[in-house]
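Residue-level listing of the chains:
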Amino acid sequence: MKKVLVLCTGNSCRSQIAHGFLNYYTGNRHLIYSAGISPHDINPLAIKTMSELGIDISLHTSNDLKEYLNIDFDYLITVCDHAHEHCPIFPKDTAKRIHQNFQDPSKITGTDDQIKQAFVSCRNEISIFCLEFCKKHLSH
């Protein structure tokens, strides 16, 4: 069983979406965590956007990276440039680090439809990334 940490700035949107997809694509066969450098509440639009695909992240919590410093992760995935640049070295830093920046849909302004589309686009990009990650790193 592999341990994967998905990290972003607030652990409110992108990392939560990735956390949901990684659990979904692996059938919950691995330990998936998500955290933020400065966590915020989970964005309701992230929850809604994932629920449209039948993936429930409504019970996820927004966690501080410091809660996980003593876990020996196999993979550390950063999903935003800020987290990638500010991620500390873990005491047991043996994790393979993977970075993929996704635009933050919560920063988009515009009409409700434009904001919804930003969340859907981000969700779809993260889905593709997570599926490829699972095939490459978690399928065996």
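Please refer to the structure higher up on the page.
Residues numbered from 1 in each chain as written. Predicted model: local features only at pLDDT ≥ 70, side-chain atom pairs only at ≥ 80, totals over all residues. Heavy atoms only, no water.

In terms of helices and strands, the chain carries 4 helices and 4 strands. Along its sequence from the N terminus, the chain presents helices and strands in the succession β-α-β-α-β-α-β-α. Over its C-alpha atoms the chain spans a radius of gyration of 14 Å, differing by no more than 12% from the 14 Å that the globule rule assigns to 140 residues. Taking the principal axes of its C-alpha atoms as reference, the chain extends roughly 45 × 30 × 25 Å. (Helix = DSSP H or I, 4+ residues; strand = E, 2+ residues; numbered from the N terminus. Rg over C-alpha atoms; globule rule 2.2 N^0.38 Å.)

Now for the sheet that holds strand S1 (residues 3-8). Spatial ordering of the open sheet is given by S2-S1-S3-S4, a layout of 4 strands whose pairing is parallel. In this open sheet, the two strands that pair with only one neighbour each are strand S2 (31-36) and strand S4 (96-99). In this sheet, neighbouring strand axes are inclined to one another by 20° on average, regardless of whether the strands run parallel or antiparallel. Against the sheet, helix H1 (residues 14-26) engages S1, S2 and strand S3 (75-78), with an angle of about 180° to S2. In the packing of helix H4 (residues 112-138) onto the sheet, contacts are made with S1, S3 and S4, and the angle to S3 comes to roughly 165°. (Pairing = 2+ DSSP bridges. Axes fitted to C-alpha atoms, helices over the stretch in contact; angles between N-to-C directions. Contact = heavy atoms within 4.5 Å.)

This paragraph deals with the layout of surface pockets. The gaps of empty space that remain are located by a probe, the size of a water molecule, rolled over the atoms. Volume-wise, the largest pocket comes out at about 180 Å³. The wall of the largest pocket is formed by Cys8, Thr9, Gly10, Ser12, Cys13, Arg14, His40, Asp41, Asn43, Asp104, Ser106 and Lys107. The residue inventory of the lining of the largest pocket, partitioned by class, reads 2 nonpolar, 6 polar and 4 charged. (1 Å grid on protein atoms, 1.4 Å probe; cavity = no way out; pocket = protein on both sides within 12 Å on 5 of 7 lines; lining within 4 Å. Points joined across faces, edges and corners; volume = space filled by probe spheres on them. Nonpolar A, V, L, I, M, F, W, Y, C, P; charged D, E, K, R; others polar.)

For the pair helix H2 (residues 44-51) and H4, the least separation of the axes is 10 Å and the interaxial angle reads 60°. The two elements H2 and H4 cross, and the hand of that crossing is right-handed. Along its contact with H2, which presents Leu45, Ala46, Thr49 and Met50, the element H4 presents Ile115, Phe119, Val120 and Arg123. Residue classes in the contact of H2 with H4 are distributed as 6 nonpolar, 1 polar and 1 charged. (Left-handed = near helix turned anticlockwise from the far one by under 90°.)

Our next topic: the pattern of salt bridges. Side chains carrying opposite charge are able to pair once their charged atoms draw close together. Scanning the model with the defined rule gives 5 salt bridges in all. In this structure, arginine 14 engages aspartate 104 in a salt bridge whose closest nitrogen and oxygen atoms are separated by 3.5 Å. Placement of the pair is arginine 14 in helix H1 and aspartate 104 in the loop between S4 and H4, with a sequence separation of 90 residues. By the burial criterion, arginine 14 is buried, and aspartate 104 matches it. As a salt-bridge pair, glutamate 132 and lysine 135 come within 3.9 Å of each other at their nearest N and O atoms. In this pair, glutamate 132 and lysine 135 are both assigned in helix H4, 3 residues apart and thus about one turn of the helix distant. Note on glutamate 132: relative accessible area 46%, which makes it partly exposed. (Salt bridge = Lys/Arg side-chain N within 4 Å of Asp/Glu carboxyl O. Buried < 20%, exposed > 50% of the residue type's maximum accessible area, 1.4 Å probe, protein only.)

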